[in-house]
Amino acid sequence: MRWGSNDMDWRRDLMLWHPRLFLTTAEEPSRSFGYPHCERGWQDILVRLCRRIEVALRDGETFEFVRIKQKMGILLVDWDTEASKSTESAIGHAVDLAVARSACTCEICGAEGRLHANKGWLETRCAEHAAGDPVPPHLGQGFDNVRRLRRRRGQASVYYALTTATPTL
Ligand SMILES: [Zn+2]
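Everything numeric here is computed off the predicted structure, so don't read it as measured data. (Residues numbered from 1 in each chain as written. Predicted model: local features only at pLDDT ≥ 70, side-chain atom pairs only at ≥ 80, totals over all residues. Heavy atoms only, no water.)

The subject of this paragraph is the coordination of the zinc ion. Around the zinc ion, the protein contributes the donor atoms Cys 106 (SG), Cys 109 (SG), Cys 126 (SG) and His 129 (ND1), which lie 2.1 to 2.3 Å from the metal centre. Along the chain, the residues donating to the zinc ion are arranged with the sequence spacing C-x2-C-x16-C-x2-H. Of this pair, Cys 109 sits in the loop between α3 (85-102) and β4 (114-118) while His 129 sits in the loop between β5 (121-125) and β6 (133-134), and the two are 20 residues apart along the sequence. Exposure remark for Cys 109: the relative accessible area of 39% places this residue in the partly exposed category. (Donors = N, O, S within 2.8 Å, 3.2 Å for Na, K, Ca; no water. Helix = DSSP H or I, 4+ residues; strand = E, 2+ residues; numbered from the N terminus. Buried < 20%, exposed > 50% of the residue type's maximum accessible area, 1.4 Å probe, protein only.)

Okay, here's the thing in structure tokens:
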């Protein structure tokens, strides 16, 4: 058995803990759809998201993460499901919550953070890990305008805004 960095990979572990949510390529998990392309500070957000989705899913319903990544400083989640309207709604709510949490959680360490602009990149960071300048809330993708990409098989991509000002975290 080879002990390397792969054995410490929380992303791979997350995928293997939730085989119902991820289609994982055994040899190369990092090349699988849904492999989280973000730092460890958001691990807890993703763990909770996976649990919520598992709870929402009923027998015979399917779910798959298509893409999980950091974009514009916050979490971007693409997913695909074959489920009832109520399950879809519960999953959508769980994803919105995860995205909203990422907007105020340092991507590096998981502490409370806020959006910073660093050499043209947007990053959510705590004071310790911040580089660059804080972005005023009305310019950033904070709580007031969290965008979520919802992609369904065979349909065009749909963007819409979450307008909840104070999500329950
Ligand atoms: Zn931090």
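Turning next to the nonpolar core. Core analysis: the biggest nonpolar cluster contains 29 residues, and Phe 65 and Leu 75 have the highest contact counts within it. Counting only elements with at least two residues in this core, the list comes to α1 (10-17), α2 (43-56), β2 (62-71), β3 (74-82) and α3. Aside from chain neighbours lying at most four places away, what touches Leu 75 is Cys 38, Trp 42, Ile 45, Leu 46, Ile 68, Lys 69, Ala 98, Val 99 and Ser 102. (Core = buried A, V, L, I, M, F, W, Y, C linked by side-chain atoms within 4.5 Å. Contact = heavy atoms within 4.5 Å.)

Evaluated as defined, the whole model comprises six salt bridges. Its salt-bridge partner being Asp 44, residue Arg 48 comes within 3.2 Å of it at the nearest N-O pair. Taken as a pair, Arg 48 and Asp 44 lie in helix α2 at a separation of four residues, close to a single helical turn. Where Asp 78 meets Arg 67, a salt bridge forms, and the shortest distance between an N and an O atom there is 2.9 Å. Pair noted here: Asp 78 is in strand β3 and Arg 67 is in strand β2, with a separation of 11 residues, a long-range link. By relative accessible area, Asp 78 is classed as buried at 0%. Taken together, the salt bridges that share partners define one network made up of Asp 44, Arg 48 and Arg 101. (Salt bridge = Lys/Arg side-chain N within 4 Å of Asp/Glu carboxyl O.)

This part takes up empty space enclosed by the protein. One pass over the full model with this rule turns up one cavity of 30 Å³ or more. Taken together, Ile 45, Arg 48, Leu 49, Arg 52, Ala 94, Leu 97, Ala 98 and Arg 101 form the lining of the largest cavity. Looking at the lining of the largest cavity, the elements with two or more residues in it are α2 and α3. Of the residues in the lining of the largest cavity, the class split is five nonpolar, no polar and three charged. (1 Å grid on protein atoms, 1.4 Å probe; cavity = no way out; pocket = protein on both sides within 12 Å on 5 of 7 lines; lining within 4 Å. Points joined across faces, edges and corners; volume = space filled by probe spheres on them. Nonpolar A, V, L, I, M, F, W, Y, C, P; charged D, E, K, R; others polar.)

Turning next to the pairing of β4. Where β4 and β5 come together, five bridges link them in antiparallel fashion. Bridge pairing in β5 links His 116 to Glu 123. Between β4 and β5, which pair antiparallel in sequence order, lie two residues; one of them, Lys 119, sits at a positive phi of approximately 50 degrees. Alignment of β4 against β6, held across two bridges, turns out to be antiparallel. (Pairing = 2+ DSSP bridges.)

Our next topic: α3. For α3, which comprises 18 residues, the first-to-last C-alpha distance of 26 Å matches the rise-based estimate of 26 Å (1.5 Å per residue) to within 8%. Summarising burial for α3: 13 of the 18 residues are buried, a large majority. (Expected span 1.5 Å × (residues − 1).)

Quick look at the sheet that holds β2 now. Spatial strand order, β1-β2-β3: three strands in an open sheet with mixed pairing. Two strands lie at the open edges of the sheet, namely β1 (36-37) and β3, each paired on one side alone. Bridge analysis of β1 against β2 gives two bridges, and the strand direction is parallel. Looking at β2, one finds that Pro 36 is bridged to Ile 68. Set on the sheet, α3 makes contact with β2 and β3; between it and β3 the angle comes to about 170 degrees. (Axes fitted to C-alpha atoms, helices over the stretch in contact; angles between N-to-C directions.)

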